[in-house]
Amino acid sequence: MSETDTFIDEVSEEVRRDRLYALMRKYGWIAVLLVVLLVGGAAFNEWRKASARAEAQALGDAILAAEEQADPAERAAALAALEVDGDAAAVVAMLAATDGEDGAAALRALADDASIDSLYRDLAQLKLVTAADSGLDNAERRARLEPLAVAGAPFRVLAEEQLALIDIDDGQTDAAIARLQSLLVDDEASGALRRRASQLIVALGGSLETS
């Protein structure tokens, strides 16, 4: 390579360096701002997560403290005094309904409240139909349970078990046995539920054979 070529390369390199410095002086603040935004956003996200965890822990501690009250009325009052909203409010309301004087009415209100998540409505519905003081007859209980027993519903197998109990109460023994036998081979049924189903089938004079 000649000295002329070397000189030209050096000049070209110097020109490129000058242009780079000029660009950095002109637009470098954008890169700095992006870095600050990224770091700040990550820090805010971590703070938000930590705050949510702290709030959830505080609420859990408050619920546990309320549940430790020996008297049911005191437990219900302590739970009702908690300041909660959203899904947590539905959970606390269901816990309070268990100990409250008019728990069935509270559960009915939750089960029929379209403003809360369907998961909590379904759970309230299930608790309502199993409550001793629900005031529901078998037809009403069945009407509330059947939507919970459709495929994909979160409490489907529990609803099926309750429907089998209604069948028994209505004297529909064969229907109850068939429903219980289906639960024996249902992948979503827990071991405890299958044991209960087996015991009921035997008590009703049915067979544990599901084929």
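So, how was this worked out
Throughout, a residue's number is its position along its own chain's written sequence, starting from 1. In keeping with the predicted nature of the model, local features appear solely for residues at pLDDT of at least 70, side-chain atom pairs appear and are counted solely at 80 or more, and the whole-chain, interface and lining totals rest on all residues. Water and hydrogen atoms play no part in the side-chain values, which are based on all heavy atoms of the structure. For the purposes of this entry, the term helix denotes a DSSP run of H or I that reaches at least four residues, the term strand denotes a run of E that reaches at least two, and both are numbered from the N terminus. Any residue under 20% of the maximum accessible area for its type is buried, any over 50% is exposed, and the rest in between are partly exposed; the area is computed with a 1.4 Å probe on protein chains only. Whether two residues are in contact is decided by their heavy atoms, any of which lying within 4.5 Å being enough. Polar contacts, as used here, are pairs of N or O atoms within 3.5 Å; protein pairs need one atom able to donate a hydrogen and one able to accept it. Residues neighboring in sequence count only if both atoms are side-chain atoms. Along the arc lie the directions from the helix axis toward the C-beta atoms. Axes here mean lines fitted to C-alpha atoms, for a helix over just the part in contact, with angles spanning 0 to 180 degrees between N-to-C directions. Here roughly perpendicular refers to angles of 65 to 115 degrees, roughly parallel to angles under 35, roughly antiparallel to angles over 145, and oblique to all remaining angles. Note on convention: the crossing is left-handed when the near helix lies turned anticlockwise from the far helix by less than a right angle, right-handed when the turn is clockwise. All amino acids are sorted into three groups, where Ala, Val, Leu, Ile, Met, Phe, Trp, Tyr, Cys and Pro are nonpolar, Asp, Glu, Lys and Arg are charged, and the leftover types, Gly among them, are polar. Any carboxyl oxygen of Asp or Glu that lies within 4 Å of a side-chain nitrogen of Lys or Arg is treated as forming a salt bridge with it. In this analysis, the expected span of each helix is defined as 1.5 Å times one less than the number of residues it contains.

A. Broad picture of the side chain of Arg142. Mapping Arg142 onto the fold places it in helix H6 (residues 138-145). Residue classification places Arg142 among the buried positions, given a relative accessible area of 15%. Here Arg142 is in contact with Leu163, Ile166, Asp167, Asp170, Gln172 and Arg179, once residues within four sequence places are set aside.

B. Main features of the environment of Ala178. Among the secondary structure elements, Ala178 is positioned in helix H8 (residues 173-184). The class for Ala178 is partly exposed, based on a relative accessible area of 39%. Distance in space between the C-alpha atoms of Ala178 and Gly206 is 9.0 Å, their sequence separation being 28 residues.

C. View of the side chain of Asp167. Among the structural elements, Asp167 can be located in helix H7 (residues 156-169). The class of Asp167 is buried, set by a relative accessible area of 1%. For Asp167, the side chain forms a polar contact with the side chain of Arg142, separated by 3.0 Å. If we ignore the near neighbours within four places in the chain, the residues touching Asp167 are Arg142, Gln172, Thr173, Ala175, Ala176 and Arg179.

D. Local environment of helix H4 (residues 103-111). Three or more residues of H4 are buried, namely Gly103, Ala104, Leu107, Leu110 and Ala111. Buried residues of H4, viewed axially, fall in a sector of 125°; they line one side.

E. Representation of the packing of H6 against H7 within the structure. It is at 10 Å that the axes of H6 and H7 come closest, and there the two elements cross at 160°. As summarised for this structure, H6 and H7 are arranged roughly antiparallel, according to the angle between their axes. Crossing of H6 against H7: the hand is left-handed. Across the interface between the two elements, Asn138, Arg141, Arg142 and Leu145 from H6 touch Ala159, Gln162, Leu163, Ile166, Asp167 and Asp169 from H7. Residue classes in the contact of H6 with H7 are distributed as four nonpolar, two polar and four charged.

F. Local environment of the pattern of salt bridges. Enumeration over the complete set of coordinates arrives at eight salt bridges. The salt bridge partner of Asp112 is Arg144, with a shortest N-O separation of 3.3 Å. One end of the pair, Asp112, is in the loop between H4 and helix H5 (118-130); the other, Arg144, is in helix H6, and 32 residues separate them in sequence. Residue classification places Arg144 among the buried residues on the basis of a relative accessible area of 16%. Put simply, Arg156 and Asp186 hold a salt bridge, and the shortest N to O gap is 2.8 Å. Of this pair, Arg156 sits in helix H7 while Asp186 sits in the loop between H8 and helix H9 (191-203), placing them 30 residues apart in sequence. Classification of Arg156 as buried rests on a relative accessible area of 13%.

G. Spotlight on the environment of Arg194. On the secondary structure map, Arg194 appears in helix H9. In sequence terms Arg194 and Leu183 are eleven residues apart; their C-alpha atoms lie 6.5 Å from each other. For Arg194, the contacting residues outside a window of four places in its chain are Leu183, Leu184, Asp186, Asp187 and Ala189. In this structure the side chain of Arg194 is engaged in a polar contact, spanning 3.3 Å, whose partner is the backbone oxygen of Ala189.

H. H8, seen in detail. End to end, H8 covers 17 Å across twelve residues, agreeing with the expected 16 Å (1.5 Å per residue, within 8%). Within H8, burial applies to Ala176, Ile177, Leu180, Gln181, Leu183 and Leu184. With its buried residues spanning 155° around the axis, H8 presents them on a single face. The elements touched by buried residues of H8 are H7 and H9.

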